[in-house]
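Here is what each chain is made of, one letter per residue.
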Amino acid sequence: MSVAFDPRRLDVAAFAQAEGRLGGEWPLAALTRLLQDALPLSADSPATVVAWSARGSRKAVTGGDPEIRLLLRAHTALQMSCQRCLQPVTVELDVQPRLRFVRGEQLAETLDEDSEDEDVLALTATLDLQALTEDELILALPLVPRHEHCPQPLPMSAGEDEIASADDSERAFAGLASLLRDGGSKPS
Ligand SMILES: [Zn+2]
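Along each chain, residue indices are assigned from 1 in the same order as the chain's sequence is written. pLDDT decides what is reported in this predicted model: residues at 70 or higher carry local features, side-chain atom pairs at 80 or more are listed and counted, and totals for whole chains, interfaces and linings draw on all residues regardless. Only heavy atoms go into the side-chain values, all of them from the structure, while hydrogens and water stay out.

A. Seen up close, the confidence of the model for the protein. As a per-residue measure, pLDDT reflects the predictor's confidence and takes values from 0 up to 100. A residue-level look at the protein finds 79% of positions with pLDDT of 70 or above and a mean pLDDT of 86. Note on definitions: a residue-residue contact is assigned when non-hydrogen atoms from the two residues lie within 4.5 Å. Below a pLDDT of 50 lies the segment residues 160-164, which in the model reaches 5 contacts outside its immediate sequence neighbourhood of four places, other chains included.

Listed below in structure tokens is the structure:
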């Protein structure tokens with residue numbers, strides 16, 4: 001008989017032992033930490049939910065506790081503000097973290113530092129898969145969201161100064177220098 005697992009209060013050890021599978025959708029609106037850096041949800045939002053799935057597995061280890069693993073997968077899309085043209089840009093998020101659970105916070109930290117292809121977490125009595133998924137999605141957010149090709153020419157407005165790059169300031173100084181050199185004649 002299969003056991004019903006609650007994704008918001010998941011007994012990871014039992015889930016792994018049962019080789020459990022869970023999946024579904026969470027309303028994006030509930031993931032408020034993730035939305036902090038995104039544009040507010042609207043009728044134009046590319047997604048309203050996070051589609052997710054989780055699979056537990058356990059591997060016997062000679063002379064030790066079995067290894068407890070969780071394969072999580074989540075997909076959604078958000079709108080963020082493009083840092084180049086300031087128009088909304090759709091950001092697709094697709095994460096597939098491989099998680100391993102061990103007993104004890106300290107052991108988890110030590111193993112996590114040595115591990116490249118999986119995250120090692122401390123096993124807790126219950127795990128909130130929604131919060132964990134939200135953490136993983138936040139980590140996947142681009143530091144500088146922007147279009148591959150911005151949809152319209154860059155506006156040369158005052159607002160542009162706020163995100164002016166070093167290049168832009170150099171250009172501004174070059175413009176000033178030529179203005180001084182030309183003795184204040186009208187810039188071409
Ligand atoms: Zn853009």
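B. Highlighting the side chain of histidine 147. Helix and strand labels come from DSSP, where a helix needs a run of H or I of at least four residues and a strand needs a run of E of at least two; each type is numbered from the N terminus. Position of histidine 147 relative to the elements: it lies in the loop between α4 (129-140) and α5 (166-181). The buried label goes to any residue with under 20% of its type's maximum accessible area, the exposed label to any with over 50%, and the partly exposed label to all in between, with areas taken from a 1.4 Å probe on protein chains only. The buried category is assigned to histidine 147, whose relative accessible area is 13%. Pairs of N or O atoms are called polar contacts if they sit within 3.5 Å, as long as, within protein, a hydrogen donor faces a hydrogen acceptor (for residues adjacent in sequence, only side-chain-to-side-chain pairs). A polar contact of 3.0 Å, which involves the side chain of histidine 147, links it to the backbone oxygen of proline 88. Contacts of histidine 147, omitting those with residues within four sequence positions, involve Cys82, Arg84, Cys85, Gln87, Pro88 and Val89.

C. Fine view of a negative patch on the surface. Candidate patch residues must exceed 30% relative accessible area and have no salt bridge, after which like charges are joined if within 9 Å and Val, Leu, Ile, Met, Phe, Trp or Tyr side chains if within 5 Å. Only the protein chains shown count as cover for residues, with accessible areas throughout obtained via the Shrake-Rupley method and a probe of 1.4 Å. Counted as salt bridges are all cases of a side-chain nitrogen of Lys or Arg within 4 Å of a carboxyl oxygen of Asp or Glu. When charges are counted, neither His nor the chain ends are considered; positive counts come from Lys and Arg and negative counts from Asp and Glu. Charge placement uses NZ in Lys and CZ in Arg. For Asp and Glu, CG and CD serve respectively. Together, Glu105, Glu109, Asp112, Glu113 and Asp114 give the surface a local cluster of negative charge. The residue aspartate 114 is located in helix α3 (residues 105-114) in this model. By relative accessible area, aspartate 114 is classed as exposed at 64%.

D. How the structure looks around the pattern of salt bridges. Inspection of every chain in the model, using the stated rule, returns 9 salt bridges. Of the charged contacts, one joins glutamate 134 and arginine 33 as a salt bridge, the two residues approaching to 3.3 Å between their closest N and O atoms. Separated by 101 residues along the polypeptide, glutamate 134 in helix α4 and arginine 33 in helix α2 (residues 32-35) bring together distant segments of the chain. For glutamate 134, a relative accessible area of 5% gives the class buried. Judged by relative accessible area, arginine 33 falls into the partly exposed class, the value being 37%. Between arginine 103 and aspartate 65 there is a salt bridge whose closest N-O contact spans 3.9 Å. Residue arginine 103 is found in the loop between β5 (98-102) and α3, and its partner aspartate 65 is found in the loop between β2 (49-59) and β3 (67-81); the two are separated by 38 residues along the sequence. Taking the relative accessible area as the measure of exposure, aspartate 65 reaches 55% and is therefore exposed. Sharing partners across several salt bridges, the network here consists of Glu67, Arg69, Arg100 and Glu118.

E. Structural view of the coordination of the zinc ion. Looking at the metal site, the zinc ion is ligated by Cys82 (SG), Cys85 (SG), His147 (ND1) and Cys150 (SG), spaced 2.0 to 2.4 Å from it. Atoms are scored as donors when they are N, O or S and lie within 2.8 Å of the metal, with 3.2 Å used for Na, K and Ca; no water is included, so coordination may look incomplete. Key to geometry: four donors with every angle between 85 and 135 degrees are tetrahedral; four donors are square planar and six octahedral where opposite donors lie over 155 degrees apart and all remaining angles lie between 65 and 115; all other sites are irregular. For the zinc ion, the 4 donor atoms are set out with angles of 102 to 122° between them, so the coordination reads as tetrahedral. Look at where the donors of the zinc ion fall in the sequence and you get C-x2-C-x61-H-x2-C.

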